[in-house]
Amino acid sequence: MKWKIITDTGSSIREIENLPENVSFDIIPLILHLDNKDYVDTPDLDTEELVNEMSKASKSSSACPAPGVYAEKFKGAENVICFTISSEISGSYNSAELGRSIALEENPEANIYIFNSKSAGSEMDLLVWKALELVEAGESFQNIVDGLYDYHQHTYVGYMLKSIENLVKNGRVNKVVGSLVGLLNIHVMGIRSEKGTIEMSNRARGEKRALNTFMNDIIENGFNGKILEISHVNNETLAEKFANKMKEKFPNTNVRIRPTSGLCSFYAEDGGLIVGYERN
């Protein structure tokens, strides 16, 4: 029986190597608008160029794919699990649900589930890896859906950002909070709310203090010491510093580091970190 694991580019995973023969992985790109130029968030997108152009743009926004794009990707497998960025910050989930309806009209026997991650970035990455683990274990479609929901109760995400200009411009965070960032080398820490919005949780001046604050936030939010999924916006050095700091306290932690997708680069902005983790 063939499986498809699909995610929009709220996740930063671009490919998965050594998949079983009956499993495929695919991404559905969102579109980023900078002034009069569009960037499609495909794996070959140059995020450094994107971030550079963002700093010059007078207008910027993002757009989700049309339902037909989802419907086309859902073809060719009996079982499909599709992850989307939080429905509170994007129309991707609703578009995917409409795409599901279109796909089921053509193939009513298919199992297609749209999973609203209520998140963005590295927490979505954790969910993708868990879906693959459950598929490889031979679980049924319904058991996988149930297992993902259970797992999601024990995952979380943290953000450490040097700028939140695009989040403010696009109505994702409060303008008053946004005015503080970027001044006097202030970094902002954020989390997702249970509803799926982005909430600012802390701030610190200077990189060293910010890393310590970010680490303490993650520990206080129940990190269980097992997995850290770290994505970064053109700042692998900072990602490694944070990983090493966490491993000093939790030596057995499994750490994965990757660059952010174009969408996450767009919102986390240059130098930002997104950290997904399991918690108690």
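Being a predicted model, the structure only gives us computed values, none of them experimental. (Residues numbered from 1 in each chain as written. Predicted model: local features only at pLDDT ≥ 70, side-chain atom pairs only at ≥ 80, totals over all residues. Heavy atoms only, no water.)

Another aspect to go through is the pattern of salt bridges. For the structure shown, the criterion picks out 13 salt bridges. Among the salt bridges present, the one from Glu49 reaches Lys37, with a minimum N-O distance of 3.7 Å. Pair noted here: Glu49 is in helix 1 (residues 47-56) and Lys37 is in strand 4 (residues 37-40), with a separation of twelve residues, a long-range link. Owing to a relative accessible area of 33%, Glu49 belongs among the partly exposed residues under this scheme. Among the ionic pairs, Lys241 bridges to Glu207, the shortest N-O distance being 2.8 Å. Residue Lys241 is located in helix 9 (residues 236-249), and its partner Glu207 is located in helix 8 (residues 207-220); the two are separated by 34 residues in the primary sequence. Classification of Glu207 as partly exposed rests on a relative accessible area of 32%. Among the charged side chains, a network of salt bridges with common partners joins Asp125, Glu229, Arg256 and Arg258. (Salt bridge = Lys/Arg side-chain N within 4 Å of Asp/Glu carboxyl O. Helix = DSSP H or I, 4+ residues; strand = E, 2+ residues; numbered from the N terminus. Buried < 20%, exposed > 50% of the residue type's maximum accessible area, 1.4 Å probe, protein only.)

Moving on, we get to the sheet that holds strand 6 (residues 79-84). On the basis of which strands lie adjacent, the open sheet formed by four strands has the order 2-1-6-7 and parallel pairing. Lying at the two open borders of the sheet, with one neighbouring strand each, are strand 2 (23-28) and strand 7 (111-116). The average angle at which neighbouring strand axes cross in this sheet is 15 degrees, direction not considered. Sitting on the sheet, helix 3 (residues 92-106) is in contact with strand 1 (3-8), strand 6 and strand 7, with an inclination near 175 degrees to strand 7. Helix-sheet contacts for helix 5 (residues 141-152) involve strand 1, strand 6 and strand 7, and the interaxial angle to strand 7 is about 5 degrees. (Pairing = 2+ DSSP bridges. Axes fitted to C-alpha atoms, helices over the stretch in contact; angles between N-to-C directions. Contact = heavy atoms within 4.5 Å.)

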